[in-house]
Structure formats: structure tokens, C-alpha cells
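What the coordinates show
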Amino acid sequence: MKKMLDVIVPVYNEEACISETIQRLFNLRNLLIDELDVNFIFVNDGSKDKSLDILKNFASKYPFVKVIGFSRNFGHQMAVTAGLDYSKGDYVAIIDADLQDPPELIKDMYYQAKDGGYDVVYGKRLKRKSETFFKKFTAFAFYRLLDFMCQINIPTDTGDFRLITREVVEAVKSMPEKHRFIRGMVPWVGFKSAPLYYNRDERFAGETKYPLSKMLKLAFDGIFSFSVKPLKFITDIGIALMIMALVAFGAGVIFRCTISIISSVILFVGSLQMIALGIIGEYVGRIFEESKNRPLYIVKDKINL
Ligand code: UDP
Ligand code: MG
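These figures come from a predicted structure and were not determined experimentally. (Residues numbered from 1 in each chain as written. Chains lettered and ligands numbered in written order. Predicted model: local features only at pLDDT ≥ 70, side-chain atom pairs only at ≥ 80, totals over all residues. Heavy atoms only, no water.)

1. So, the nonpolar core
As a reminder, the rule being used: Definition of nonpolar core: a set of buried residues of the types Ala, Val, Leu, Ile, Met, Phe, Trp, Tyr and Cys, connected through side-chain atoms within 4.5 Å. Categorising residues by exposure relies on relative accessible area from a 1.4 Å probe, with only protein chains included: less than 20% of the type maximum marks a residue as buried, more than 50% marks it as exposed, and the intermediate range marks it as partly exposed. By definition in these notes, contact holds between two residues if any of their heavy atoms fall within 4.5 Å.
Counting 39 residues, the largest nonpolar core has Val43, Phe70 and Ile164 as its most contacted members. Here Ile164 is in contact with Leu84, Asp90, Tyr91, Val92, Asp119, Val120, Val169 and Val186, once residues within four sequence places are set aside. Counting 37 residues, the second largest nonpolar core, distinct from the first, contains Val38, Met109, Phe161 and Leu196.

Below is the structure:
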């Protein structure tokens, strides 16, 4: 019996890419045909364009093309989550729909996992072709900040492009959290992991589906769902300010401090208090979201599943 590989592809308004992506994924399937039974799970994340129609068309011809359709846009991380929930394969790969990550590399990931006995092989980006300076810089800074903040080791310059074994899928599925940062959840569950270095291509067509607002949400989820360090910083800053205040008080007594210095200090402390409240708010908000106990996503269409 051949082992099974499921390839999960989150799709949001990718009508310009999706047919080409499917062709490339079919190539991958042919490359692996002697070794693995390959299925594709496309998760349409509430696309407003023709993505779903194109997917349905392929699904009607090929039973190994499976489609999950959300009732609205729930976000990239939820789309990947749904793919994991519906997957049955011994191995599961995750890849974006825009061909920035070459599908053929999944074959290399599979052999690396099989021959090296790895449960996770993650794609680590060397070069990012033709992405804006802003995107590259913010990504670079974010992954370093995350590394500094988190107790667990989340690999830097690594997205969700990876291959994992069934055991890892089940472990990740056992994490019900609402704010999902899958590239952090996989390292959190542990297991034997290795990187596969690759150069990230250009998006095949269309625009990025990650505007700044979505990028920030993902970055916040990465930090606030994986670290309580920001809370500790508040205490550290509080202690530092108290020492400064004591020194300023002493200096004021000795030198008769002017009113403007005092008011600027009050302003400064006030703004820090707002930031501190904001940080606490991030965690309180998360407790609220978790306590509502809503489902992570709503499925509207299911084809070949
Ligand atoms: N995506 C999604 N839902 C969203 C945004 C993006 O499913 O709300 C998908 C998108 O179709 C793509 C992947 O997530 O397959 C990554 O998005 P994109 O390539 O636009 O992000 P970038 O590479 O620019 O960071
Ligand atoms: Mg992309």
C-alpha cells in the first residue's frame, strides 16, 4: 500500500494563479506517483472572484482534487487549519496558492523526512525575489523579534510552507486556540524537525492577499499567543520609571525643578500607562475570544471529501 500525502492550499482571490498552481501541483503528483498517493485539499477562504468555480471545475474531473469552501473570509491561518482538520494523509504539506514556494520542493521535503526520519521539514527562505524592501525588512525584523520574545524556538524566515507527518498534524489539531499562528504551533508541539533551504520566487500573478492590516494581525498573534514577555516588560519599565522618579524628585528638591520638566514627565508616564494598558488589553481580548468558544471557521462547500 502506498502512503498518502495531502497537500493543503489556502486560496483567497487567486483566480489569476490557481490554474497554473494546479498544473504545477499535478507535476508534483506525477513526480511522486510511484511512491505516494497524492491528494490536494484546496481551502477557498471566501474568495470574491472565480477561484471557487475554477476549483470546482478541476474537482469535477479529478477526484484527488478536494475542495473546502468557507462561508466567508476567515483568514489564511484558518484556511490552513481547516485543511489540517480534513486531511487524512500520512504526510501533509502546506503551500501557498501563488507559486512563491515551488511545489516541486515538496518532493524534496518528503524524501528528507523519510530518509532522515524527520516529522517536520520546513522551508526556510534564503532569498525573497522581488518582494518590496518594506516587506523584506518587516519580515526580517518580525522573525528576530519573535525569536527574542518566545521561549520556544520558532525558526526564523520560515512561513507555513512545510511537510509534516500525521503525528504532528494530530498534535496541532489538539490545540483549539482561536488566534492561530501555525508556524509557531508546529514548533511548539516538538518532534524531529529540519529546514529545507530554498529561494522564494515571485508571486505568479495578482497582488498579495496580505495587506499591512493582515500582516500586523499575524505578527500580533505570533507574539501575544506565544509569549508573556510583553507583560514582564511593563513591570521592568515600571521599576525603571520609579527609580527615575525618585532621582527626579531628589533633583527637584535640590535644584528647584521647573514646571515644564514636571509636565513632560507626567505626559511621558501617562503615555507609558496607555501602552501598558494596551498590552494588557491584548491578553484580555484574547481571553474574551477564547471564552466565547465559537468555531474557528464555517464550511459552506465540500467537494470530493
Ligand atoms: N490567503 C487566504 N486568506 C486570506 C489571505 C491570504 O487564504 O485572507 C492565502 C492566499 O491565497 C495565499 C496565501 O494565503 O495562498 C498567502 O497569501 P499571499 O501570497 O497573498 O501572502 P504573501 O506571500 O504576500 O505574504
Ligand atoms: Mg505569497
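Additional details are given in the paragraphs that follow.
2. Things to note about the environment of Glu14
Applied cut-off: Only DSSP runs of H or I with at least four residues qualify as helices, and only runs of E with at least two residues qualify as strands; both kinds are numbered from the N terminus onward.
Relative to the elements of secondary structure, Glu14 occurs in the loop between β1 (3-11) and α1 (18-32). If we skip the residues at most four places from it in the chain, Glu14 touches Asp49, Ser51, Ala97, Asp98, Arg203 and Lys209.

3. Points about the coordination of the magnesium ion (ligand 2)
Heads up, the rule is: Coordination partners: N, O, S within 2.8 Å of the metal, 3.2 Å for Na, K and Ca; water not considered, so apparent gaps in a site are possible.
Note on the magnesium ion (ligand 2): its protein donors are Asp98 (OD) and Gln100 (OE1). The metal-donor distances range over 1.9 to 2.0 Å. Assessed through its relative accessible area of 4%, Asp98 is described here as buried.

4. Considerations on the pattern of salt bridges
Note on pairing: side chains with opposite charge can pair once their charged atoms come close. What counts is decided by this rule: Any Lys or Arg side-chain nitrogen found within 4 Å of a carboxyl oxygen on Asp or Glu counts as a salt bridge.
For the structure shown, the criterion picks out 12 salt bridges. Residues Lys209 and Glu14 are paired through a salt bridge, measuring 3.7 Å at the closest nitrogen-oxygen approach. Here Lys209, found in the loop between β7 (193-200) and α8 (212-224), pairs with Glu14, found in the loop between β1 and α1; they are 195 residues apart in sequence, far enough to count as distant. For the pair Lys209 and Glu14, a shared accessibility class is recorded, and that class is buried. Note that Lys292 and Glu289 form a salt bridge whose closest N and O atoms lie 3.7 Å from each other. Here Glu289 and Lys292 lie together in helix α10 (residues 259-292), a separation of three residues that amounts to about one turn. Salt bridges here are not isolated pairs; linked through shared partners, they connect Asp96, Asp101 and Arg200.

5. Overview of the packing of aromatic side chains
As a reminder of what qualifies: Ring geometry is summarised as follows: Phe, Tyr and Trp rings, the Trp one being its six-membered ring, pair when their centres sit within 6.5 Å, and such pairs are stacked at plane angles under 30 degrees, edge-to-face over 60 and tilted between the two.
Evaluation of the coordinates by the stated rule reveals 19 aromatic pairs. Between Phe70 and Phe74, the ring centres sit 5.4 Å apart and the planes meet at 85 degrees, which makes this aromatic pair edge-to-face. Across this residue pair, the class does not change: Phe70 and Phe74 are buried. Centre to centre, the rings of Phe142 and Tyr143 are 5.3 Å apart; their planes meet at 55 degrees, and the pair counts as tilted. By the burial criterion, Phe142 is buried, and Tyr143 matches it.

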